[in-house]
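Understanding the architecture of this molecule
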Amino acid sequence: MTGPNLAWMIAQLDEFIEATVANRVPPPPGVVSISTYSTARRDDEIVQLAQVVEQILNRILPTWRTLDARPKHLTKWSVHREAAIRARVEILRREEIRANIGDDAPEISASNLHPWVWSGATSLWQSGHYRSAVEDAAKKVNAETQNKVARREIGETKLFQEVFSEKAAEPGKSRLRRMTNDGSETYKSLQRGAMAFAEGIFAGIRNPFNHEDPKDIDEQVALEYLAALSVLARWVDESAVEAAK
């Protein structure tokens, strides 16, 4: 898979920024009223541009919808426009900023996590509800695992204990195999590791949310939780299903 086309993204942002320039429309002579504003291009054209730009913003600035653009009364595109300007700078100067104020360490983008995780978290993540985003991502991974092994009667910890069990598949109890069962220590290690990892995620991340105060969590903590869920999702997605013979 190739990386994002940054030049194309900048071109889309530039066109949108130019299209949403707000121009003051003075009232007719002799009329005292509050000034109104019009954009450089028609609203229907901006809507078409926004369809693409919003996807770029979701990738570059996942929380762009919560930006406090001022003044919002100018046009309905004020938040979009400020976000587009910010995203453009982020793309152009990311390496420069990282080199001067950071340690140039690699970063994780939530949108590059396993699709099960990001699709479960995306809407809540973009609105800044990080705890709920993690919860929904965990539910999505659980549901996709149930779908893969055709089991709806159990879920979460119990589900992963059974699907990654080294026991042979039984009628109605399919297993997930991370590699061919050759009886080797590597095979056993992979199965035990996946089971223990899943148990840790649901015992240490998912279940405490049901017992703690419903306060939100820090964005970085939430991102790390999503990364852990992404690892589990990939293991499930890449595993072969072993059904009873």
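Residues numbered from 1 in each chain as written. Predicted model: local features only at pLDDT ≥ 70, side-chain atom pairs only at ≥ 80, totals over all residues. Heavy atoms only, no water.

Description of the pattern of salt bridges
Applied cut-off: Salt bridges are defined by distance alone: a side-chain nitrogen of Lys or Arg within 4 Å of a carboxyl oxygen of Asp or Glu. By the criteria applied, helices consist of DSSP H or I runs no shorter than four residues and strands consist of E runs no shorter than two, each listed in order from the N terminus. Partly exposed describes any residue whose relative accessible area lies between the buried limit of under 20% and the exposed limit of over 50%, with all areas from a 1.4 Å probe on protein chains only and scaled to the type maximum.
This structure, assessed with the given rule, holds 20 salt bridges. R88 serves as the salt-bridge partner of D14, at 2.3 Å between the closest nitrogen and oxygen. Taken together, the positions of D14 in helix α1 (residues 6-19) and R88 in helix α3 (residues 78-101) put the pair 74 residues apart, joining distant regions of the chain. The residue R175 makes a salt bridge to E170 at a minimum N-O spacing of 3.2 Å. A relative accessible area of 3% means that R175 is categorised as buried. Look at E170 and you get partly exposed, because its relative accessible area is 34%.

Observations regarding the packing of aromatic side chains
How we decide: Each Phe, Tyr or Trp ring (for Trp, its six-membered ring) is paired with any other whose centre lies within 6.5 Å, and the angle between the two planes then decides the class: stacked below 30 degrees, edge-to-face above 60, tilted in between.
All told, the structure shown has 6 aromatic pairs when counted by the stated rule. Centroid distance F197 to W235: 5.3 Å. Interplanar angle 55°. Geometry classified as tilted. Of this pair, F197 sits in helix α7 (residues 185-206) while W235 is found in helix α8 (residues 219-238), placing the two residues 38 residues apart along the sequence. Residue class for F197 comes out partly exposed when judged on its relative accessible area of 27%. Put simply, the rings of W118, W125 and Y130 pair up and form one aromatic cluster.

Looking at the packing of helix α5 (residues 130-149) against helix α6 (residues 156-163)
Put simply, the rule reads: In this description, a line fitted to the C-alpha atoms serves as the axis of each element, helices being fitted only across the stretch in contact, and the angle between N-to-C directions of two axes falls anywhere from 0 to 180 degrees. Convention used here: angles under 35 degrees read as roughly parallel, angles over 145 as roughly antiparallel, angles from 65 to 115 as roughly perpendicular, and any remaining angle as oblique. Working rule for handedness: look at the near helix, and if it is turned counterclockwise from the far one by less than a right angle, call the crossing left-handed; if clockwise, right-handed. Contact criterion: two residues are considered in contact whenever any of their non-hydrogen atoms come within 4.5 Å of each other. Classification used: nonpolar for Ala, Val, Leu, Ile, Met, Phe, Trp, Tyr, Cys and Pro, charged for Asp, Glu, Lys and Arg, polar for all others including Gly.
Two elements in contact, α5 and α6, have axes whose closest approach is 11 Å; the angle formed by their N-to-C orientations is 40°. Judged on the interaxial angle alone, α6 and α5 are oblique. Crossing handedness for the pair α5 and α6: left-handed. The residues of α6 that touch α5, namely those facing V141, N142, T145, Q146 and V149, are E156, L159, F160 and V163. Grouping the amino acids of the contact of α5 with α6 by side-chain chemistry returns 5 nonpolar, 3 polar and 1 charged.

Observations concerning the nonpolar core
The cut-off we apply is this: By nonpolar core is meant a set of buried Ala, Val, Leu, Ile, Met, Phe, Trp, Tyr and Cys residues that side-chain atoms within 4.5 Å join together.
One finds W125, F160, L226 and L232 to be the most contacted residues of the largest nonpolar core, which totals 35 residues. Listed by contribution, the elements that provide at least two residues to this core are α4 (115-126), α5, α6, α7 and α8. Counting residues per element, this core draws most heavily on α8, which supplies 8 residues. Apart from the residues lying within four places of it in its own chain, the contact partners of L232 are V141, F160, F164, F197, A198, I201 and F202. By size, the runner-up hydrophobic cluster in this structure holds 22 residues, among which are M9, I17, L49 and L61.

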